[in-house]
Amino acid sequence: MPPQEEHQQLLLDPTLDSDNEEPAYESTEKVYVIGVDDAGGQNSDDYTRTPPFSWKKLWLFTGPGFLMSIAFLDPGNLEGNLQAGSIAGYSLLWLLLWATAMGLLVQLLSARLGVATGRHLSELCRDEYPKWARLLLWVMAELALIGADIQEVIGSAIAIKILSNGILPIWAGVVISACDCFILLLLENYGVRKLEALFAVLIAIMACSFAWMFGETKPNGVELLQGILIPKLSSKTIQQAVGVVGCIIMPHNVFLHSALVQSREIDRRKIGRVREAINYYSIESGIALAISFIINLFVTAVFAKAFYGTEQANSIGLVNAGQYLEEKYGGGLLPILYIWAIGLLAAGQSSTITGTYAGQFIMGGFLNLGLKKWLRALITRSSAIIPTLIVALVFDTSDQKLDVLNEWLNVLQSVQIPFALIPLLCLVSKEEVMGVFKIGPVLKMVSWLVAALVMVINGYLLLEFLSSEGSGLLFTSVVSAFTAAYAVFIIYLISRGSTFSNWIVQAKGFANGN
């Protein structure tokens, strides 16, 4: 299509008119990218021209992808990794790699949605669905966020307990972790780049801590490489495999990334500039998740080396992992117990701050209450900390109960995944939302296949867990009713998007060479 017609198609996007809602970032908060490295007499009327690659611009766009990558490194993921390594050895590293790749695809679609529309996923859901549906989606997103936050805060509290030599119990660690809300508010006043710098430091701490552990335990390099390159799966490791895939995609992270990318000021009147931003965000997100994969690989390999085939393999969790490592590899320059605790604390604190950040956008987008950021942060933090504190007081004395709680929280988040993935895929496929940046038939096909795979895997995890937790007529009736309502709402979301049938037609056309 001609350049001006293509430009017009982008401007016809109704989502560009967002004057009546609070933006994700005020103009004074954004990183200014317009005009950087644009010398050379570019024709201002050439709306479709994408500027050449610039390292300076890549640096300015770098940040949102690293905040997003924190969800791949939270305590829930670390526990899944250490259990996979202890029980399955190196054999599931290939699955960790491909699960990270699937997570990258989902996050790139979220970033694409935010850049192309200038709005984030929860805002678009508010316009896309009727009031009852969007309120239900909001409740589901909040439940997923609370479940993730409980895991993250408990992880931080465990690390604080270790570092204090047991002086501070888990409930005290929860109270200390609650203060991250004020850290977030403080750093927001100094600009988004300061906040991103904090997360870069926390990721570096995780990388150094787990790399140190990797060096101390000296995993087998040949077996590690084989685990990455050669797919292996057995009936004994299927539960760990499901856990590796299931904890990669976090519902609140899908909402978060579409908002984070709006922290850069770009000229959205020009298609080339929007395409340029999508390209830079794709590069920095790929780099961020490559780093997160390496960190997760360190954790999996350490516990594969230390405990695979041992009696402790089936009893390791976040609470006792450091002590087990100390018993086996203690006596070094620095106690490996404290190295583990430092990495765990960095993972927990960084993920709780991003959870608070995501909660602001989710509440603001779905409800559009016009509340100040500090008030939204306080509400979001309180809704997560209060149940976490109750959990800490109830489960503090039992490692086994904490492990059972973690399983329930994993199930809670697994249930919520379709309510983030389906709206995302439907919206990025709609021309009236995305304009010229809607995804094509091939990417659409791949995206729906990935989403279906993730939902099936998490469905398996849910059924496996429920079948082991209870039986009887009442329990079965409640579960059946819940499952029926759950399935009906998922079908409604797909049909409401009105793009699933179009995708099938396009996919058939592509297969026939049309």
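It should be emphasised that the depicted structure is a prediction, and the values quoted were computed from it without experimental measurement.

A. Structural view of the packing of aromatic side chains. Considering all chains together, one arrives at 17 aromatic pairs under this definition. Centre to centre, the rings of Trp-132 and Phe-489 are 5.9 Å apart; their planes meet at 50°, and the pair counts as tilted. With Trp-132 in helix α7 (residues 131-163) and Phe-489 in helix α22 (residues 473-497), this residue pair connects regions lying 357 residues apart in the sequence. Taking the relative accessible area as the measure of exposure, Phe-489 reaches 6% and is therefore buried. When the centroid spacing of 5.7 Å and the interplanar angle of 70° are considered together, the rings of Phe-303 and Trp-340 count as edge-to-face. Of this pair, Phe-303 sits in helix α14 (residues 271-307) while Trp-340 sits in helix α16 (residues 336-367), placing them 37 residues apart in sequence. Residues Phe-303 and Trp-340 agree in their burial class; the two are buried. By way of ring pairs, the aromatic residues Trp-132, Phe-419, Phe-482, Tyr-486, Phe-489 and Tyr-492 are connected into one cluster. Above the plane of the ring of Trp-59 lies Arg-193, whose end atom (NZ or CZ) is 5.1 Å from the centre.

B. Geometry of the nonpolar core. With 147 residues, the main nonpolar core has Phe-303, Trp-340 and Tyr-357 as its most contacted residues. Dropping the residues within four chain positions of it, Trp-340 is found in contact with Leu-82, Ile-162, Phe-210, Met-213, Phe-303, Leu-318, Ala-321 and Gly-322.

C. Representation of the pattern of salt bridges. By the definition in use, this model includes 11 salt bridges. Notably, a salt bridge pairs Arg-269 with Asp-267, separated by 3.0 Å at the nearest N-O pair. Using a relative accessible area of 57% as the deciding quantity, one classes Arg-269 as exposed. A salt bridge links Arg-273 to Glu-276; its shortest N-O distance comes to 3.8 Å.

D. Region of the structure containing helix α10 (residues 192-217). In this model, α10 (26 residues) spans 38 Å end to end at C-alpha, consistent with the 38 Å of a helix rising 1.5 Å per residue. Among all positions in α10, only Val-192, Leu-195, Glu-196, Phe-199, Leu-202, Ile-203, Met-206, Ser-209, Phe-210, Met-213 and Thr-217 are buried. Of the residues trailing α10, Lys-218 is marked for its positive phi of about 50°.

E. Focus on the packing of helix α5 (residues 93-117) against helix α12 (residues 238-246). Interhelical geometry of α5 versus α12 gives an angle of 30° and a closest axis separation of 9 Å. By the angle class used here, α5 and α12 are roughly parallel. Two packed elements cross with a definite hand, and for α5 against α12 that hand is right-handed. Residues Leu-95, Leu-96, Ala-99 and Met-102 of α5 form the contact with α12, whose own contacting residues are Ala-241, Val-244 and Val-245. Broken down by class, the residue content of the contact of α5 with α12 amounts to 7 nonpolar, no polar and no charged.

Each value, and the rule that gives it
- Residues numbered from 1 in each chain as written.
- Predicted model: local features only at pLDDT ≥ 70, side-chain atom pairs only at ≥ 80, totals over all residues.
- Heavy atoms only, no water.
- Phe/Tyr/Trp six-rings, centres within 6.5 Å; stacked < 30°, edge-to-face > 60°.
- Helix = DSSP H or I, 4+ residues; strand = E, 2+ residues; numbered from the N terminus.
- Buried < 20%, exposed > 50% of the residue type's maximum accessible area, 1.4 Å probe, protein only.
- Lys NZ or Arg CZ within 6 Å of the ring centre and 35° of its normal.
- Core = buried A, V, L, I, M, F, W, Y, C linked by side-chain atoms within 4.5 Å.
- Contact = heavy atoms within 4.5 Å.
- Salt bridge = Lys/Arg side-chain N within 4 Å of Asp/Glu carboxyl O.
- Expected span 1.5 Å × (residues − 1).
- Axes fitted to C-alpha atoms, helices over the stretch in contact; angles between N-to-C directions.
- Parallel < 35°, antiparallel > 145°, perpendicular 65-115°, else oblique.
- Left-handed = near helix turned anticlockwise from the far one by under 90°.
- Nonpolar A, V, L, I, M, F, W, Y, C, P; charged D, E, K, R; others polar.

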